[in-house]
Structure formats: structure tokens, C-alpha cells
Amino acid sequence: MLRHAKAEAWGESDHERELTTAGIADAAAAGTWLARAVPEPGQVLVSSARRTRQTWESVATSAGWTIEATVDDGLYSAEPETMLDLMRATADEVQTLLVIGHNPTIAYLAQMLDDGNGDEEASAALLGGYPTCALTVFDHDGPWADLTMGAAAVRAFHVGRA
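Residues numbered from 1 in each chain as written. Predicted model: local features only at pLDDT ≥ 70, side-chain atom pairs only at ≥ 80, totals over all residues. Heavy atoms only, no water.

Engineer: Before we move on, can you summarise the pattern of salt bridges with the specific residues and values?
Structural biologist: One side chain can pair with another of opposite charge once the charged atoms of both are near each other. Tallying each qualifying case throughout the model produces eight salt bridges. Put simply, Asp14 and Arg51 hold a salt bridge, and the shortest N to O gap is 3.2 Å. In this pair, Asp14 is assigned in the loop between β1 (2–3) and α1 (21–37) and Arg51 in helix α2 (residues 50–63), connecting sequence segments 37 residues apart. We classify Asp14 as partly exposed; its relative accessible area is 35%. Ionic pairing is found between Arg88 and Glu81, a salt bridge with its closest N-O pair at 3.1 Å. Judged by its relative accessible area of 23%, Arg88 is partly exposed. Glu81 sits in the partly exposed class, given a relative accessible area of 39%. Salt bridges linked by common partners bring Asp14, Arg17 and Arg51 together as one network. (Salt bridge = Lys/Arg side-chain N within 4 Å of Asp/Glu carboxyl O. Helix = DSSP H or I, 4+ residues; strand = E, 2+ residues; numbered from the N terminus. Buried < 20%, exposed > 50% of the residue type's maximum accessible area, 1.4 Å probe, protein only.)

See below:
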């Protein structure tokens, strides 16, 4: 789960705000880290906002990933339960899912998914705030449809910074 990188304060609309130069570099740093930490995702869900799509483009380029993301309008204003429902709809053959969205939803859902049995330092860092380009890596055994609150172990927490 990844929060989009740093975006401009103003834009044509909130939905159309673009990443700053620093945000693009931070997303690239997150992509480099992700490429070392996890296998290439079998599915990527991205909010339809410009800043999340740009975050994905920078992450994918830096990671060397070629998968095409699924852009979902629902992720733009999703509450945690809605985002979780979108994750539950993932096909069982997908081993790694990447979700790129917005705060506060990403932070709330990441905290609610934590089962407390993962990496203690990563879980503590997750509770300390969820800045732009922050990401949490979870392990979950079982079908995506069975993913529930408190059912995933935090494996890592990282903030992409150039």
C-alpha cells in the first residue's frame, strides 16, 4: 500500500494536481526500494487522480516493472472499507498487489490491516505517521476475498525519499 508522492498544493482541481519535482524523485526512490523488497506485482490498483497515476509511472519506471495499472475512480475518494473491498476483488492467482491511493484512507487501512504479528519496528513506524510516498508491505495467507481487518502481518514500512 503506497500513498502518492508529494504533489503541488494547487491545481486545476484537486483531482488534477501534479507531482512536484521532489515527488517524482521520491516515487522513483520508492520504486527502487520496492524492486528489491517485493516481486513485481500481479496487479496494481491506482486512484484516478493525476498525482497517483504519476506516482505509479515513476515507481514502475524505477522498479523496471512493465505491468499496466488498473486506474480506479473509486480509489480517489474511497473510505478504508471501500478500498478493502477493491482489494478483496483481486483474483486469487495474483500473489502481489500494489495499491496507490490517498490519505487518510491509506494510513487508516494500513493500521487496521495490521495483525500485530509482523515486524515490530515497521508496525511502530506505521503508527508514527504516513507521509507522502510512505508504503507498507504486508503478508497475508489466504485468498484476497478473505482479507479482513487485523488479518495481515506488516513486513516492512518505508518512506520513499530521493
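There is more to say after this.
Engineer: Quick rundown of unusual backbone geometry? Include the residues and the values.
Structural biologist: Residue Pro104 is reached from Asn103 by a cis peptide bond, and omega for that bond is 5°. Within the secondary structure layout, Pro104 lies in the loop between β4 (97–101) and α4 (105–113). Positive phi, close to 70°, is recorded for Cys133, a residue that is not glycine. With respect to the secondary-structure elements, Cys133 resides in the loop between α5 (120–127) and β5 (134–139).

Engineer: Please provide a residue-by-residue account of the packing of helix α3 (residues 80–88) against α4, values included.
Structural biologist: In contact at an axis separation of 9 Å, α3 and α4 are set at 70° when each is read in the N-to-C sense. Relative to α4, the element α3 is oriented roughly perpendicular. Of the two possible hands of crossing, α3 and α4 adopt the one that is right-handed. Two secondary-structure elements touch here, α3 through Pro80, Met83, Leu84 and Met87 and α4 through Thr105, Ile106, Tyr108, Leu109, Met112 and Leu113. Residues of the contact of α3 with α4, tallied by class, amount to nine nonpolar, one polar and no charged. (Axes fitted to C-alpha atoms, helices over the stretch in contact; angles between N-to-C directions. Parallel < 35°, antiparallel > 145°, perpendicular 65-115°, else oblique. Left-handed = near helix turned anticlockwise from the far one by under 90°. Contact = heavy atoms within 4.5 Å. Nonpolar A, V, L, I, M, F, W, Y, C, P; charged D, E, K, R; others polar.)

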